[in-house]
Amino acid sequence: MIRTVLAAMLASLILTLPVSAFNTNARSAFVVDLNTGTVLLNKDADTPLPPASMSKLMTLYIAFEALRDGRLNLDEKLPVSEHAMSYGGSTMFLDTTDRIRVEDLLRGIIVLSGNDACVVIAEALSPDGTEAGFARYMTQRARKMGMTNSTFTNANGWPAAGHRMSTRDLALLATRLIEDFPQYYPLFSEREFAFDGRAPQNVHNRNPLLGLNIGADGLKTGHTSEAGYGLVGSAKQGDRRIVFVISGLDSTRARAEESEAIVNWAFRQFVLRPIAKAGTVIAEADVWMGNVPRVGLTPAEDLSALMPALGGDAVEAEVVYMGPIEAPIAKGQEIARLILKPEGLDETSFPLVADRDVPAGGFVTRLKTAAITLLHRLEQGPEGAS
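Rules behind the numbers
For every chain, the first residue of its written sequence is number 1, and the numbers climb from 1 along that sequence. Local features in a predicted model are, by the rule used here, given only for residues with pLDDT of at least 70; side-chain atom pairs are given and counted only at 80 or more, and totals for whole chains, interfaces and linings are based on all residues. Heavy atoms throughout the structure, all of them, feed into the side-chain values; hydrogens and water do not. Here a pair means two rings of Phe, Tyr or Trp (six-membered ring of Trp) with centres within 6.5 Å. Their orientation is stacked below 30 degrees between planes, edge-to-face above 60, and tilted elsewhere. Helix and strand labels come from DSSP, where a helix needs a run of H or I of at least four residues and a strand needs a run of E of at least two; each type is numbered from the N terminus. Three exposure classes are used, based on accessible area relative to the maximum for each residue type with a 1.4 Å probe and protein chains only: buried under 20%, partly exposed in between, and exposed over 50%. In this description, a line fitted to the C-alpha atoms serves as the axis of each element, helices being fitted only across the stretch in contact, and the angle between N-to-C directions of two axes falls anywhere from 0 to 180 degrees. Here the angle decides the label: under 35 degrees means roughly parallel, over 145 means roughly antiparallel, 65 to 115 means roughly perpendicular, and every other value means oblique. Handedness of a crossing is defined here by the sense of rotation of the near helix relative to the far one, left-handed for an anticlockwise turn of less than a right angle and right-handed for a clockwise turn. Note on definitions: a residue-residue contact is assigned when non-hydrogen atoms from the two residues lie within 4.5 Å.

1. Considerations on the packing of aromatic side chains
Okay, so step 1: The full count for this structure, using the stated rule, is 9 aromatic pairs.
Okay, so step 2: Measuring from centroid to centroid gives 5.2 Å for Tyr 61 and Phe 181, while their planes differ by 75°, and the two rings are edge-to-face. Placement of Tyr 61 in helix α1 (residues 56-69) and of Phe 181 in the loop between α6 (167-180) and β6 (216-224) is noted, with a sequence separation of 120 residues between them.
Okay, so step 3: Its relative accessible area of 1% is what places Phe 181 among the buried residues.
Okay, so step 4: Taken together, a centroid distance of 6.4 Å and an interplanar angle of 35° make the contact between Phe 181 and Tyr 184 tilted.
Okay, so step 5: Relative accessible area serves as the criterion here: at 13%, Tyr 184 is assigned to the buried category.
Okay, so step 6: By way of ring pairs, the aromatic residues Tyr 61, Phe 64, Phe 181 and Tyr 184 are connected into one cluster.

2. Description of the packing of α1 against helix α4 (residues 115-125)
Okay, so step 1: The contact between α1 and α4 brings their axes to 10 Å, and the two run at 45°. With respect to α4, the element α1 is oriented oblique. In this structure, α1 meets α4 at a crossing whose hand is left-handed. For the pair α1 and α4, contact is made by Lys 56, Thr 59, Ile 62, Ala 63 and Ala 66 and by Asn 115, Cys 118, Ile 121 and Leu 125, respectively.

3. Quick notes on unusual backbone geometry
Okay, so step 1: Between Gly 218 and Leu 219 the backbone carries a cis peptide bond, its omega angle lying at 15°.
Okay, so step 2: Following the sequence through the fold, Leu 219 ends up in strand β6.
Okay, so step 3: Ala 327 connects to Pro 328 through a cis peptide bond whose omega is 5°.
Okay, so step 4: Relative to the elements of secondary structure, Pro 328 occurs in the loop between β14 (325-326) and β15 (334-341).
Okay, so step 5: Phi is positive for Ser 113, close to 55°, though the residue is something other than glycine.
Okay, so step 6: Along the chain, Ser 113 turns up in the loop between α3 (102-110) and α4.
Okay, so step 7: The residue Asn 213 is not glycine, and still its phi comes out positive at about 60°.
Okay, so step 8: Secondary-structure assignment places Asn 213 in the loop between α6 and β6.

Okay, here's the thing in structure tokens:
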């Protein structure tokens, strides 16, 4: 493994003003910048905790998959079982005489946090027609998506032993909802849904950030006595989008204040800055058995990185590759990684590609390389050659 520390090419000086960490009162928290994948805050983010209604996002994801695959359609009407009707807490006040449009159920889950609506969807999509069967499928699907600290026992986050998610998993799920289903994501910014007029006390979205003009446009709140108050949120300002999750706060007011503070901190304390243009050679890699001894390394596309706003434009950078790289090498072939290390943030990695074709060397090149290798082994002696 060859590592090259870049100095002048990327103006890479260690930042002099490290970013201040956000001091959250949440039991667990996770904040990520979606443009770069940079983790801005991690507090016990891999600890499985009761997610309350935030786990409804998994039910929604599976429902959106079914819509995409044609197994559901928005105008389809689904029956309400006695089991679905039996749920208390936040509901749409559905009963067994109802047949509800899928679109209304989705809005009922997102805006009204309907426990009953989740079960109607779950029973329609469950492999065995039961909520328990759907919960098992939720767990399996979550594992395939990379949510390794999530286990579901129901479709709506009702308190139950073993029903757990980590804040990192919730952030991953929110990211997938935003990226995989942009056609449905605007539902999360709806502030009111007066379904059928039957529950005037439950028509408002509980997300405290909607309407504050800070770019917030989703996703889901949660609360039980065991879980405390939590929020999976996302906000977009300019070209940047963040996703954040907080869990375990002690009041709706604390949740609202903490959420707004996190959004403001994430956008004010970090900026997206250009690093290198596509096609710009930023380093060279040694070549083995090629017609030239080195090949230029360049980004395949323009690179930007998230940096502390008060730290200037400098960042420590390093190129890493397994070398020397054996010829032939094709132009555009990924052969190295650029590692950026902004002060106070996790390092980020970008691919670097060859800036030109490097054919294998001819007979003279192979003979010369063999001679150099033999000489090197002779200089090492028996121990070095063993």
